[in-house]
Amino acid sequence: MRRIALVTLVVDDYDEAVRFYTEALGFHLVEDAPRPDGSRWIVVAPDPGGHGTGLLLARAKGDAQQSRVGDQTGGRVGLFLHTDDFARDHARMRAAGVTFLEEPRHEPYGTVAVFQDLYGNKWDLLQPVPVSD
């Protein structure tokens, strides 16, 4: 079996990123380990066991990486957070201060709304339409 385990997200600050992803988005801190070079290996994931794809929060090093913080996909939605209860998660995230760029909409593939993380990266909160067998 193969799967994508981690996706790197370049951030300005480790602690503010961990707070946003765990408190505002409800992710779980899977790992936070110091590295010999002074950086940290930080993984957050929506699944409490960290069994699905996680985010590796990497602090930007140098001008090139710093220029990508918040715009890693050129302004497109680049990350997709699936939920089994759109209304619950949308309300919780709004109450936590998450910025939604649009009102929820119903599409043939599910209920969706675009939001931004603390750096401006665009995400879809998406409750997919159940697939019938």
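Because the structure is predicted, anything quoted here is derived from the model rather than measured. (Residues numbered from 1 in each chain as written. Predicted model: local features only at pLDDT ≥ 70, side-chain atom pairs only at ≥ 80, totals over all residues. Heavy atoms only, no water.)

Caption draft 1: Structural detail: the overall build of the chain. Along the chain, the regular secondary structure elements total three helices and nine strands. Helices and strands appear in the chain in the N-to-C order β-α-β-β-β-α-β-α-β-β-β-β. Computed over the C-alpha atoms, the radius of gyration of the chain is 15 Å, within 12% of the 14 Å expected from 2.2 N^0.38 for a compact globule of 133 residues. Long-range pairs, those at least 24 residues apart, make up 53% of the contacts in the chain with a sequence separation of at least 6. Across the chain, 14 positive and 20 negative side-chain charges occur, with their mean positions spaced 4 Å apart. (Helix = DSSP H or I, 4+ residues; strand = E, 2+ residues; numbered from the N terminus. Rg over C-alpha atoms; globule rule 2.2 N^0.38 Å. Contact = heavy atoms within 4.5 Å. Lys, Arg positive; Asp, Glu negative; His and termini not counted. Charge placed at Lys NZ, Arg CZ, Asp CG, Glu CD.)

Caption draft 2: How the structure looks around the pairing of strand 8 (residues 110–116). Burial analysis of strand 8 places six of its seven residues in the buried class, the great majority of the element. By the bridge criterion, two bridges tie strand 6 (residues 99–100) to strand 8 in an arrangement that is antiparallel. Looking at strand 8, one finds that Thr99 is bridged to Gln116. For strand 7 (residues 105–107) and strand 8, the ladder comprises three bridges, and the chain directions are antiparallel. In the sheet register, His106 faces strand 8, and the bridge partner there is Thr111. The turn linking strand 7 back onto strand 8 is made up of two residues. The sheet contact formed by strand 8 and strand 9 (residues 122–128) spans seven bridges and is antiparallel. Among the inter-strand pairings, Ala113 is bridged to a residue of strand 9, identified as Leu125. (Buried < 20%, exposed > 50% of the residue type's maximum accessible area, 1.4 Å probe, protein only. Pairing = 2+ DSSP bridges.)

Caption draft 3: Quick peek at the layout of surface pockets. Size it by volume and the largest pocket reaches roughly 210 Å³. Lining of the largest pocket is provided by 13 residues; of these, Thr53, Leu55, Leu79, Phe80 and Trp123 occupy positions nearest its centre. The set of elements that each furnish at least two residues to the lining of the largest pocket consists of strand 4 (54–59) and strand 5 (77–82). Here the lining of the largest pocket takes five residues from strand 5, the largest share from any one element. (1 Å grid on protein atoms, 1.4 Å probe; cavity = no way out; pocket = protein on both sides within 12 Å on 5 of 7 lines; lining within 4 Å. Points joined across faces, edges and corners; volume = space filled by probe spheres on them.)

Caption draft 4: Focus on the sheet that holds strand 1 (residues 6–11). On the basis of which strands lie adjacent, the open sheet formed by four strands has the order 1-4-3-2 and mixed pairing. The sheet is open, and its two edges are formed by strand 1 and strand 2 (28–34), each paired on a single side. Each strand of the sheet is rotated relative to its neighbour by a mean of 25°, with strand direction disregarded. The sheet strands contacting helix 1 (residues 14–24) are strand 1, strand 2, strand 3 (40–45) and strand 4, and the helix crosses strand 4 at an angle near 155°. (Axes fitted to C-alpha atoms, helices over the stretch in contact; angles between N-to-C directions.)

Caption draft 5: Summary view of the packing of aromatic side chains. For the structure on display, the rule yields six aromatic pairs. Aromatic pair Phe27 and Trp123: ring centres 6.1 Å apart, planes at 75°, arrangement edge-to-face. One end of the pair, Phe27, is in the loop between helix 1 and strand 2; the other, Trp123, is in strand 9, with 96 residues separating them in the sequence. By relative accessible area, Phe27 is classed as buried at 6%. We classify Trp123 as buried; its relative accessible area is 3%. Ring geometry for Phe115 and Trp123: centres 5.6 Å apart, planes at 20°, overall stacked. (Phe/Tyr/Trp six-rings, centres within 6.5 Å; stacked < 30°, edge-to-face > 60°.)

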